[in-house]
Structures are given as structure tokens and as C-alpha cells.
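# Close look at the chain arrangement
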Amino acid sequence: ETHRAAKQAERIGQILWDWGTPTAVSTAWLAEAGFEVVAAGGIRHGLDAARALCLGARLVGMAAPLVEAYSKEGQRSARATLVEVIETLKYVMLLCGAKDLDALSGIPRVLGPTLSRWLAAGRNEEDR
């Protein structure tokens, strides 16, 4: 929204840029709570899709990269972008030893410090 905002709203958008719960955190929290999750925020390529699936998403949605490709070069470019996403996802699955998309949610994963802190904070909140 910051990119579409007018002057003062754009400045406020920049100040609040990191406000909110990241997609990865929302995906993991909801999956752990037993929800069927569709991860759609911030998915830019096949690695992002694989990460969301590893965190428990059942489906992944992606719009911005496809709209950008289409607006620049048309349908052929959008199709090429989608093919690249799928191919990247296949490579990630091969590298992880995941035989299918469902297997991605069960592979061992290493979480970075920021995501680990978010997830720990959510678990601590449940204990209160």
C-alpha cells in the first residue's frame, strides 16, 4: 500500500513498513493450530512457495510477479514466470527429498532467528 499512497500516507506507510505479522509466521501459527492455510502474501518465486508449504500451508497463491510479468510483456511472460515458479519448486523438492507437495510439510527445517522468535512468542502467548 505504501507504493500506491500519496505523500503523507506514503511517509506513514514507510514508518509502519514492518508492522504486522509476516506471512511465514501467520502460516506456521495457523497450521500448528490445525487450520487449512492458503499462504498468499509475499510469495514471489518457487522458493517462497516451498517455504510456505514447509511451514504448513496447504496451498500457495501468488499474484504480484504474474501481474508484473503480464503488464510488461504479456501472456507469454506471465506463463514463463509461472513455469519458473513450478520448476523452482520441483528443484527445492528434489533437494529436500520431498516426493510430493505434502511431504514438504514434514521435512526437517532450520528457521532463522527472527522467525524462531516470532513462533516462540506465539507459543508463549498460548501459555498465558
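Once a new chain begins, its residue numbering starts again from 1 and follows that chain's sequence as written. pLDDT decides what is reported in this predicted model: residues at 70 or higher carry local features, side-chain atom pairs at 80 or more are listed and counted, and totals for whole chains, interfaces and linings draw on all residues regardless. The basis for every side-chain value is the complete set of non-hydrogen atoms in the structure, without hydrogens or water.

Where helices are involved, their axes are fitted lines through C-alpha atoms of the stretch in contact, as for all axes, and angles between N-to-C directions lie from 0 to 180°. Secondary structure counts use DSSP, requiring at least four H or I residues in a row for a helix and at least two E residues in a row for a strand, with both numbered from the N terminus. Following both chains from N to C, one finds helix 3 (residues 46–54) and helix 5 (residues 75–96) inclined at 50°, their axes separated by 7 Å at the closest point. If you check the angle between helix 3 and helix 5, you find them oblique. Crossing hand, helix 3 versus helix 5: right-handed. Residues Gly-46, Leu-47, Ala-50 and Leu-53 of helix 3 lie in contact with helix 5, whose contacting residues are Val-85, Thr-88, Leu-89 and Val-92. Comment on the angle field: the value is read as roughly parallel under 35 degrees, roughly antiparallel over 145, roughly perpendicular from 65 to 115, and oblique elsewhere. It is the rotation of the near helix from the far one that decides the hand of a crossing: anticlockwise by less than a right angle makes it left-handed, clockwise makes it right-handed. Here a residue-residue contact requires only that any non-hydrogen atoms of the pair lie within 4.5 Å.

Just to be clear on terms, a salt bridge is a Lys or Arg side-chain nitrogen sitting within 4 Å of an Asp or Glu carboxyl oxygen. Using the criterion set out here, one finds 5 salt bridges in the structure. The partner of Glu-36 in a salt bridge is Arg-58, with the nearest N and O atoms 3.3 Å apart. Of the two residues, Glu-36 is situated in the loop between helix 2 (23–32) and strand 1 (38–39) and Arg-58 in the loop between helix 3 and strand 2 (59–60); the sequence distance between them amounts to 22 residues. Classification of Glu-36 as exposed rests on a relative accessible area of 64%. Residue classification places Arg-58 among the partly exposed residues on the basis of a relative accessible area of 47%. Only protein chains enter the accessibility calculation, which uses a 1.4 Å probe; a residue whose area is less than 20% of its type maximum is buried, one above 50% is exposed, and one in between is partly exposed.

We now examine the packing of helix 4 (residues 64–73) against helix 5. Direction vectors running N to C along helix 4 and helix 5 enclose 150°, while the axes themselves pass 6 Å from each other. Classified by the interaxial angle, the pair formed by helix 4 and helix 5 is roughly antiparallel. Of the two possible hands of crossing, helix 4 and helix 5 adopt the one that is right-handed. In contact with Pro-65, Leu-66, Ala-69, Tyr-70 and Glu-73 of helix 4, helix 5 contributes Gln-75, Ser-77, Ala-78, Thr-81 and Leu-82. Within the contact of helix 4 with helix 5, the residues separate by chemical class into 6 nonpolar, 3 polar and 1 charged. Note on residue categories: nonpolar means Ala, Val, Leu, Ile, Met, Phe, Trp, Tyr, Cys or Pro, charged means Asp, Glu, Lys or Arg, and polar means any other residue, Gly included.

You can see Ser-105 is positioned in the loop between helix 6 (101–104) and helix 7 (113–127). For Ser-105, a relative accessible area of 42% puts it in the partly exposed group. Taking the C-alpha atoms as reference points, Ser-105 and Leu-55, separated by 50 residues in sequence, lie 6.2 Å from one another. Sequence-distant contacts of Ser-105, defined by excluding residues within four places in its chain, comprise Leu-53 and Cys-54. Polar contact is the term for a pair of N or O atoms within 3.5 Å; when the atoms are in protein, one must be able to donate a hydrogen and the other to accept it, and sequence-neighboring residues count only if both atoms are side-chain atoms. Polar contacts involving the side chain of Ser-105 include one to the main-chain carbonyl oxygen of Asp-102, which spans 2.9 Å.

On to a nonpolar patch on the surface, then. Nonpolar side chains collect at one region of the surface, where Ile-12, Ile-15, Leu-16 and Trp-19 lie side by side and expose about 490 Å² of accessible area between them. Residue Ile-15 is classed as exposed on the basis of its relative accessible area, which comes to 55%. Exposure above 30% relative accessible area and the lack of any salt bridge qualify a residue for a patch; like charges then connect within 9 Å, and the nonpolar side chains Val, Leu, Ile, Met, Phe, Trp and Tyr within 5 Å. Where accessible areas are quoted, they stem from the Shrake-Rupley method and a 1.4 Å probe; at the residue level, only the protein chains shown are allowed to cover.

Before going further, it helps to spend a moment on the confidence of the model for the protein. A score between 0 and 100, pLDDT records how confident the predictor is in each residue. When pLDDT is averaged along the protein, the result is 89, and 93% of the positions lie at 70 or above. The least confident element of the protein is helix 1 (residues 7–15), whose mean pLDDT is 78; the most confident is helix 5, at 97.

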